[in-house]
Amino acid sequence: MAGWADERVDNFMGNLLRIGVSAAAMVVLVSGGAYLARHGHEAPRYQVFIGEPKELTNVPGIVEQALAWNSNGLIQFGLLMLIATPVARVVFSVIAFGMQRDWVYVAITLTVLGLLCFGLSGSHL
Amino acid sequence: MNTLELSLVIAVGSVLAGFLGALTGLGGGVVIVPMLTLAFGIDIRYAIGASLVSVIATSSGAAAAYVKEGYSNIRVGMFLEIATTIGAITGTAIALRLPLRVIAVIFGVVLMYSAYLSWRQEHDSMVAHQPDRLAKLLRLGGTFPTANGLQHYEVQGVPLGFGVMYVAGMLSGLLGIGSGAVKVLAMDKAMKLPFKVSTTTSNFMIGVTAAASAGIYLNRGYIDPALAMPVMLGVLAGSLAGARVLAGAQVRTLRLIFSIVVALLGVEMIFNGLKGRI
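Residues numbered from 1 in each chain as written. Chains lettered and ligands numbered in written order. Predicted model: local features only at pLDDT ≥ 70, side-chain atom pairs only at ≥ 80, totals over all residues.

1. Section: the overall build of chain A
- Of the regular secondary structure elements, chain A holds four helices and zero strands.
- Computed over C-alpha atoms, the radius of gyration of chain A comes to 18 Å, more than 25% over the 14 Å expected from 2.2 N^0.38 for 125 residues, which places it beyond the range of a compact globule.
- Taking the principal axes of the C-alpha coordinates as reference, chain A spans close to 60 × 30 × 25 Å.
- Across the 125 residues of chain A, 38% fall into the buried class.
- A sequence separation of at least 24 residues applies to 55% of the contacts in chain A between residues at least 6 apart. (Helix = DSSP H or I, 4+ residues; strand = E, 2+ residues; numbered from the N terminus. Rg over C-alpha atoms; globule rule 2.2 N^0.38 Å. Buried ≥ 20, exposed ≤ 12 C-beta atoms within 10 Å, placed from the backbone. Contact = placed C-beta atoms within 7 Å.)

Pasting the structure below:
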């Protein structure tokens, strides 16, 4: 499979990582600015741990908050994009190894993906 | 200090941490948690959440460049990610049950060990020419660019490397760090990979390892958007700048100073943990 030689895979993977991180950083930067403009004068509240409100701890809740243009929700959405970047890289690896008909590595990458999904679903630990 | 002022100070601290971390090869993540807890009195759970997020950003950012240059060994990375993600999930599960002061003490010990490793920093120039059985089965060998063209290498000590990687993943999940030093140890010492391949492949793996525990911490409310924002942006900017300066910089003295700072932070983390002030 010359079209899917390791070199091309490396290149695509590099771009994927770069775009994921840059996009996430942009979202966090812009929504962070909006957050500070509105809440900057308040007293900080991370000295004592109270945990995040429920809607900022799961994917559907964060998406809902982001769509409502809540600045906290938007920052959290950017962080979610960041966490999704390595996951997307693993998904891409599964596809790339599949194109190369390298079934041992398809199995290995699927195992890693399964473990990641287990971690991301997170509540049962 | 209000939120705006604190965010700016934290951002400046994070830029510095990322810059020095990239220059010295220690990584910025390792000093973020001590900085946030010791200097700003932030709860260690929020600190770990913010640190973990910044670790994903810097490692993915750097990995993007290394992967293209052809140093990282993707097969080795993918295979060992099984060990680091299982380790990360275990480490996070332990962290959720451990008293905070114990986490602080473990953190201190890891800081001191990282400082020691970085200060010693000698590495084997021995490159394996014969693969072990598992390496042969998994076709782990690869090539990397040198001044004289592509050089081929084989991989040994796969089971030992896999075991050390599990520990690296566990520390990453437990403490919210990248634990690049332990990952490099596994590949450089146990598996006899060329040093440059070890460091770049380690970088490549850190993002996936951290993502495994970040999901769990997000779920438990450890990741505060307002705190993670200046930390993540600061460390990312600092480490990108550091990587740019690194080409051609003389960093021996700097590395020595930074390892001393890291070791002192370790002592203070242990002290505070034992006193129950974390």
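2. Describing the interface of chain B and chain A
- Counting residues at the interface gives 56 residues for chain B and 54 residues for chain A.
- Those elements giving two or more residues to the side of chain B that touches chain A turn out to be helix H1 (3–24), helix H3 (44–69), helix H4 (74–95), helix H9 (195–219) and helix H10 (225–246) of chain B.
- Among the elements that take part in the side of chain B that touches chain A, H3(B) stands out by supplying twelve residues, more than any other.
- Of the residues assigned to the side of chain B that touches chain A, the class counts are 36 nonpolar, 14 polar and six charged. (Nonpolar A, V, L, I, M, F, W, Y, C, P; charged D, E, K, R; others polar.)

3. Concerning the pairing of strand S1 (residues 142–146) of chain B
- As paired strands, S1(B) and strand S2 (residues 149–153) of chain B are joined by five bridges and run antiparallel to one another. Along S2(B), the bridge assignment pairs B:Thr146 with B:Gly149. (Pairing = 2+ DSSP bridges.)

4. Observations regarding H1(B)
- Spanning 22 residues, H1(B) covers 31 Å between terminal C-alpha atoms, matching the ideal 32 Å at 1.5 Å per step.
- B:Gly25 sits one or two positions beyond H1(B) and adopts a positive phi of about 80°. (Expected span 1.5 Å × (residues − 1).)

5. Re the environment of B:Leu150
Residues and elements named next belong to chain B.
- By secondary structure assignment, the location of Leu150 is in strand S2.
- Residue Leu150 is classed as exposed on the basis of its C-beta count, with 10 C-beta atoms lying within 10 Å.
- With 80 residues separating them in the primary sequence, Leu150 and Gly70 have C-alpha atoms 9.8 Å apart.
- If sequence neighbours within four positions are ignored, Leu150 has contacts with Thr143 and Pro145.

6. Notes on H9(B)
Residue and element names in this part refer to chain B.
- The end-to-end C-alpha distance of H9, which contains 25 residues, comes to 37 Å, matching closely the 36 Å that a straight helix rising 1.5 Å per residue would cover.
- Helix geometry: H9 is bent most strongly at Met205, by close to 25°.
- Where burial is concerned, most of H9 is hidden: 23 out of the 25 residues are buried.
- Trailing H9 by a residue or two, Gly221 shows a phi angle of about 75°, which is positive. (Bend = angle between axes of the 7 residues up to and from the residue.)

7. Overview of the nonpolar core
- If you look at the biggest cluster of nonpolar residues, it comprises 126 residues, and the most contacted ones within it are B:Val53, B:Ile56 and B:Met232.
- Counting residues per element, this core draws most heavily on H3(B), which supplies 15 residues.
- Those residues in contact with B:Met232, other than ones at most four positions away along the chain, are A:Val28, B:Val53, B:Ser54 and B:Ala57. (Core = buried A, V, L, I, M, F, W, Y, C linked by C-beta atoms within 7 Å.)

8. So, the confidence of the model for chain A
- Residue-level pLDDT values for chain A average 90, and 93% of them are 70 or greater.
- Mean pLDDT values over the elements of chain A span from 92, in helix H1 (residues 6–39) of chain A, up to 95, in helix H3 (residues 71–99) of chain A. (pLDDT = per-residue confidence, 0-100.)

9. Details of the packing of H1(A) against H3(B)
- For the pair H1(A) and H3(B), interaxial distance at closest approach is 8 Å and the crossing angle is 150°. Judged by the angle between their axes, H1(A) and H3(B) are roughly antiparallel. When you trace H1(A) past H3(B), the crossing you get is left-handed. For the pair H1(A) and H3(B), contact is made by A:Asp10, A:Asn11, A:Met13, A:Gly14, A:Leu17, A:Arg18, A:Gly20, A:Val21 and A:Ala25 and by B:Ala57, B:Ser60, B:Gly61, B:Ala63, B:Ala64, B:Ala65, B:Val67 and B:Lys68, respectively.
- Looking at side-chain class alone, the contact of H1(A) with H3(B) contains nine nonpolar, five polar and three charged residues. (Axes fitted to C-alpha atoms, helices over the stretch in contact; angles between N-to-C directions. Parallel < 35°, antiparallel > 145°, perpendicular 65-115°, else oblique. Left-handed = near helix turned anticlockwise from the far one by under 90°.)

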